[in-house]
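Commentary on secondary and tertiary structure
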Amino acid sequence: MTPPVELTAADLPLCCPMPKTPLWNQHPRVFLDVVQTGETMCPYCGTRYVLKGEAKGGH
């Protein structure tokens, strides 16, 4: 099992695939809400994202 991708407030808003994902490995872009529960999973690829710390500002 692949470890989760750890995010900070600087990485928000969260979209999958992330901007640095290789082009060959991309699925349709989807925006994910990681602020509500502190973690989320992409419905396309199953990547799990975990928010470290708090989201600040308008996130």
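Read on for a plain summary of the structure. Since the model is a prediction, treat every value here as computed from it, not as a measurement. (Residues numbered from 1 in each chain as written. Predicted model: local features only at pLDDT ≥ 70, side-chain atom pairs only at ≥ 80, totals over all residues. Heavy atoms only, no water.)

1. Quick notes on the overall build of the protein
Broken down by element type, the protein carries zero helices and five strands. Its C-alpha atoms give the protein a radius of gyration of 11 Å, within 12% of the compact-globule value 10 Å for 59 residues. Taken across its 59 residues, the protein has 27% of its residues classed as buried. In the protein, 38% of the contacts between residues at least 6 apart in sequence involve partners at least 24 apart. (Helix = DSSP H or I, 4+ residues; strand = E, 2+ residues; numbered from the N terminus. Rg over C-alpha atoms; globule rule 2.2 N^0.38 Å. Buried < 20%, exposed > 50% of the residue type's maximum accessible area, 1.4 Å probe, protein only. Contact = heavy atoms within 4.5 Å.)

2. Things to note about the environment of Lys 52
Secondary-structure assignment places Lys 52 in the segment after strand E5 (48-51). What makes Lys 52 partly exposed here is its relative accessible area of 42%. The sequence separation of Lys 52 and Leu 7 amounts to 45 residues, and the corresponding C-alpha distance is 5.8 Å. In contact with Lys 52, other than residues within four places in its own chain, are Glu 6, Leu 7 and Thr 8.

3. Things to note about the nonpolar core
In this structure, Leu 7, Leu 12, Leu 14, Cys 16, Val 30, Leu 32, Val 34, Cys 42, Tyr 49 and Leu 51 together form the largest nonpolar core, which totals ten residues. Secondary-structure elements contributing two or more residues to this core are strand E2 (14-16), strand E3 (30-32) and E5. (Core = buried A, V, L, I, M, F, W, Y, C linked by side-chain atoms within 4.5 Å.)

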